[in-house]
Amino acid sequence: MSENYTDMLIIGGGVAGITAAADLAPHGSVRVLERERQLAYHASGRSAAMFLQDYGNAVVRALNDASAEPLATRDGGVLSPRPMLLLGRDEDAACFAGEAADLGLERIGVEQALPLFPLLDQSVVSHAAVRHDTSDIDTDLLIQNALKRARAGGAVVETGAEVTAIRHSGVWEVQAGDQVYRAQVLVNAAGAWADGVAQMAGITPLGIQPFRRSMAVLPLPEGFDSSAWAFVDSVGEGWYAKPQAGKLLVSPGDEDASEPMDSWADDMVLAEGLARFEAMVTMQVTRVEHSWAGLRSFAPDRTLVVGRDAAVPEFVWVAAQGGYGFQTALAVSQLVADLVAGDAPELPASVVAALSPARFG
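What counts, and at which threshold
- Residues numbered from 1 in each chain as written.
- Predicted model: local features only at pLDDT ≥ 70, side-chain atom pairs only at ≥ 80, totals over all residues.
- Heavy atoms only, no water.
- Salt bridge = Lys/Arg side-chain N within 4 Å of Asp/Glu carboxyl O.
- Helix = DSSP H or I, 4+ residues; strand = E, 2+ residues; numbered from the N terminus.
- Buried < 20%, exposed > 50% of the residue type's maximum accessible area, 1.4 Å probe, protein only.
- Axes fitted to C-alpha atoms, helices over the stretch in contact; angles between N-to-C directions.
- Left-handed = near helix turned anticlockwise from the far one by under 90°.
- Contact = heavy atoms within 4.5 Å.
- Nonpolar A, V, L, I, M, F, W, Y, C, P; charged D, E, K, R; others polar.
- Pairing = 2+ DSSP bridges.

- Where an unreviewed UniProt entry is consulted, the protein appears under the name FAD-dependent oxidoreductase, with the organism given as Pseudooceanicola spongiae.

### Here we look at the pattern of salt bridges
Alright, step 1. The tally for this structure, following the rule as stated, stands at 24 salt bridges.
Alright, step 2. In this structure, Asp-254 and Arg-212 form a salt bridge, with 3.4 Å as the shortest nitrogen-oxygen distance. In this pair, Asp-254 sits in the loop between strand S16 (247–251) and strand S17 (256–257) while Arg-212 sits in strand S13 (residues 209–219), placing the two residues 42 residues apart along the sequence. In this structure, Asp-254 and Arg-212 share a single accessibility class: buried.
Alright, step 3. Two residues, Glu-289 and Lys-247, come together in a salt bridge whose shortest N-O distance is 3.2 Å. Here Lys-247 lies in strand S16 and Glu-289 lies in the loop between helix H7 (267–278) and strand S18 (290–298), a separation of 42 residues in the sequence.
Alright, step 4. Members of the salt-bridge network, linked through shared partners, are Arg-212, Arg-213, Glu-237, Asp-254, Glu-255, Asp-256, Arg-296 and Arg-302.

### Describing the packing of helix H1 (residues 15–24) against helix H5 (residues 139–152)
Alright, step 1. Across the interface, H1 lies against H5 with an axial gap of 7 Å and an inter-helix angle of 35°. In the packing of H1 onto H5, the handedness of the crossing is left-handed. Contacts from Val-15, Ile-18, Thr-19, Ala-21, Ala-22 and Asp-23 of H1 reach H5 at Leu-142, Ile-143, Ala-146, Leu-147, Arg-149 and Ala-150.
Alright, step 2. For the contact of H1 with H5, the class distribution of residues is nine nonpolar, one polar and two charged.

### Observations regarding the pairing of strand S12 (residues 179–188)
Alright, step 1. Of the strand pairs in this sheet, strand S1 (residues 5–11) and S12 are connected by six bridges, and their pairing is parallel. Opposite Met-8, over in S12, you have Val-185 as the bridge partner.
Alright, step 2. The pairing of strand S11 (residues 171–176) with S12 spans five bridges and is classified as antiparallel. Counted as the bridge partner of Gln-175 is Val-180 from S12.
Alright, step 3. Examined bridge by bridge, S12 and strand S20 (residues 315–319) share three bridges and lie parallel to one another. When the bridges of S20 are listed, Asn-188 appears paired with Trp-317.

Next up, the structure:
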């Protein structure tokens, strides 16, 4: 075989591709191709990740449950406690009750919520609920830990390797730059570009749609220490906020359909979201230090797509993570390894079937 042959070739160097490489490496030779010059550049590098086991639909929650222990303990763990706080106004009463129950939050008085988020405006906010068993995810540490495990298992990771052509004739032949890479199994972990990679490979796309999600970094008023504050969500995800490095990350909760691209925040969308934030806090937004956007990609049923393609089983999907990529990553990567190695998956058969691309016919 040529030096560019591997048993398994992964397209995409975000959290999906790197964690898959770590768990696939014990089962054969692995190579990761990432189009950008750095790993985790797009969606994975732009996530304000939290771990909340009751976030997402039933299938996502099963993946959350399976990821909880490895996120907390593997390689020393990547979780650190941070409460979650849900806020609402008088007119939000019905929606607030539904969201709080769905997320497993305990209703508390607004005065009890104030220490968790001292910026809330008690003259406006009339509903509050909290959950204390939620956590920050150290996204960079998760990727670096997985990268170390992948490389320790012999995996090769190449950046600046944009795939331009894919052929299948007994083995996969993937063109990236002036190199042709060959592999028995092709793993599609290309994020917003997952359907495009499938089409390039002659595989029927699944209708995976990227959506833009924006974020602004705001300086805090003098005298505030946000290190112990909660992750704060408003009813209907009109905005959410997370403390980070002495500042506040605020998102307008936007979800606008986009083409696969290096996304950026829309100034008007950001301004509207920050206005919703200002309406519920005592802080006035006078300056945005930095803003960005990432793409969260969903399948039509808003459930991840993980498994062998129904028509071409040597093509493996790891796609459509939506807003759940980091919190489900370690369960997903283990499932990918089980399916590729031919081992019985640790996840229940009903969950494996619900994730399979075969569900789209």
